[in-house]
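Examination of the molecular architecture
Here is what each chain is made of, one letter per residue.
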Amino acid sequence: MLKKITTVAGVVLLSALTACGSGGGGGTASSGSGTITMGFAQVGAESGWRTANTKSIQDEAKAAGIELKFSDAQQKQENQIKAIRSYIQQKVSVIAFSPVVETGWDTVLLEAKRANIPVILTDRSIDSDDTSLYKTFLGSDFVEEGRRAGDWLVANASGPTNVVELQGTTGAAPAIDRKKGFEEKIASKPDIKVVASQTGDFTRSGGKQVMEAFLKSQPKIDVVYAHNDDMGLGAIEAIKAAGKVPGKDIKIITVDAVKDGMQALANGEINFIVECNPLLGKQLMELAKKVVAGEEVPNRVVTEEGTFTQEQAKAALPQRQY
Ligand code: GZL
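Every chain begins its residue count from 1, and numbering advances along the sequence as written. Given that this is a predicted model, residues contribute local features only at a pLDDT of at least 70 and side-chain atom pairs are listed and counted only at 80 or more, while totals for whole chains, interfaces and linings are drawn from all residues. As a convention, hydrogens and water are excluded, and side-chain values are obtained from all of the structure's heavy atoms.

Applicable threshold: UniProt positions are given in the numbering used here, feature names are shortened, and annotations may be inferred rather than shown by experiment.
Where an unreviewed UniProt entry is consulted, the protein chain appears under the name Simple sugar transport system substrate-binding protein, with the organism given as Lentzea albida. Its UniProt record gives the protein chain the following Sequence similarities (unreviewed entry) comment, quoted word for word: "Belongs to the bacterial solute-binding protein 2 family." The heading Subcellular location (unreviewed entry) in the UniProt record of the protein chain holds the text "Cell envelope".

So, in structure tokens, the structure goes:
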């Protein structure tokens, strides 16, 4: 009995000591075997882009030998904050997350800082005056993505052009910035007007519901500008149900370039896609190793991405990873 209890106690004690021994004060905490542990708080699983982003992070953590603790917040900020607090308590080596919205992070990130656990922002950034709360931000330039969408429309619109906009999640950096970049560019052509703009929350169902309402309320719609492919694909369903031809009667511009979006582009139902690269995993793990080792990293790491026309989509589809 004693041996058994000792063994059990021994195991508990050993694992506790291992955890405590390596985790004292966080920061360089690891699983005890020198392995880096990363706590990742993901936004959710709202879109094809997010699915590809999650796979990239999980695959690249494995490839890098980083022990990944992963959570899905179902697009709720309070769930991301809970996950970050849990990672702090577990004394992970590093925390990474994609902030679902730009604001409301200072308190929990201060807790991570006081626990000496470095934080990396990935995909989306935060709007905070205190840039000491995170080591770096790895992700796209969403304003530039909006500009690219606006540039295409300015080059391809003729005469009065009514645009309806399907915005991403309210308060999210990509929604705020893609709107900003697009408006900056179409301002050069007063004939182009955004006659309606509403959030579809980056989901296919959200895009479909909002587009159904726009089709009922707007006498003339020439273009849909959707902040991601999934909302654009939902809009296609609504446009077809209204007896119109997507890509012809109503032109569609989206952002992401995930496989379903690229297929619709190749089929002529979408007219132009601005790429937003979700494959951030490899860069994230390289940054994490540097940050845990106390090495300097750039404040900002911008991902490479392009744009696609219908012809370019046909050529690119066979090689697309996501
Ligand atoms: C952009 C990312 C956005 C995608 C959407 O980096 O945050 O969130 O464009 C996703 O598809 O839902």
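**A look at the site of the ligand**
Formally: Residues are classed as near a molecule or strand on a simple rule: at least one heavy atom within 4 Å of it. Polar contact criterion, stated in full: a pair of N or O atoms within 3.5 Å, where within protein one must be able to donate a hydrogen and the other to accept it, and residues adjacent in sequence count only if both atoms are side-chain atoms. Note on areas: Shrake-Rupley, 1.4 Å probe, and residue coverage restricted to the protein chains presented here. Where helices and strands are cited, they refer to DSSP runs of H or I of at least four residues and of E of at least two residues respectively, numbered from the N terminus.
Lining the immediate surroundings of the ligand are 13 residues, of which Glu46, Asp123, Arg124, Arg178 and Asp256 lie closest. Between asparagine 228 and the ligand, the recorded distance is 2.9 Å, taken from a side-chain N or O atom to an oxygen atom. In the complex, 100% of the free accessible area of the ligand, which totals 320 Å², lies under the protein chains. Within the residue set of the shell around the ligand, elements represented by two or more residues are helix H2 (48-64) and helix H6 (173-186).

**Topic: the nonpolar core**
Put simply, the rule reads: For this analysis, a nonpolar core means a set of buried residues of the types Ala, Val, Leu, Ile, Met, Phe, Trp, Tyr and Cys, connected via side-chain atoms within 4.5 Å. For the exposure calls, accessible area comes from a 1.4 Å probe over protein chains only, and a residue counts as buried if that area is under 20% of its type's maximum, exposed if over 50%, partly exposed in between. The contact rule is simple, with two residues in contact once any of their heavy atoms fall within 4.5 Å.
Residues Leu166, Met211, Phe214, Val224 and Met262 are the most contacted members of the largest nonpolar core, which totals 31 residues. Broken down by secondary-structure element, the contributors of at least two residues to this core are strand E6 (161-167), helix H7 (204-217), strand E8 (223-226), helix H8 (229-241), helix H9 (259-266) and helix H11 (310-316). Among the elements that make up this core, the one with the highest residue count is H8 (six residues). Sequence-distant contacts of phenylalanine 214, that is, excluding residues within four places in its chain, are made with Val164, Glu165, Leu166, Ala196, Ser197, Gln198 and Ile221.

**Things to note about the side chain of asparagine 53**
Position of asparagine 53 relative to the elements: it lies in helix H2. Under the relative-accessibility criterion, asparagine 53 is labelled buried at 0%. Ignoring any residue separated from it by four or fewer positions in sequence, one finds asparagine 53 in contact with Gln42, Pro278 and Leu280.

**So, the environment of tyrosine 134**
Inspection of the secondary structure assignment puts tyrosine 134 in the loop between strand E4 (119-122) and strand E5 (136-139). For the pair formed by tyrosine 134 and alanine 96, sequence separation is 38 residues and the distance between their alpha carbons is 9.3 Å. Those residues within four positions of tyrosine 134 in sequence are excluded, and the remaining contacts are Val119, Leu121, Ser125 and Ile126.

**Considerations on the pattern of salt bridges**
Put simply, the rule is: What counts as a salt bridge is simple: a side-chain nitrogen of Lys or Arg found within 4 Å of a carboxyl oxygen of Asp or Glu.
As enumerated under the stated definition, the model contains 21 salt bridges in all. For arginine 148, the salt bridge is made with glutamate 144, and the minimal N-O distance between the two is 3.4 Å. Here the residue arginine 148 and the residue glutamate 144 both occupy positions in helix H5 (residues 142-156), the gap between them amounting to four residues, near one helical turn. For glutamate 144, a relative accessible area of 24% corresponds to the partly exposed category. Taking the shortest distance from any N to any O, the salt bridge between glutamate 183 and lysine 179 comes out at 3.0 Å. You can see glutamate 183 and its partner lysine 179 sitting in helix H6, four residues apart, about one turn around the helix.

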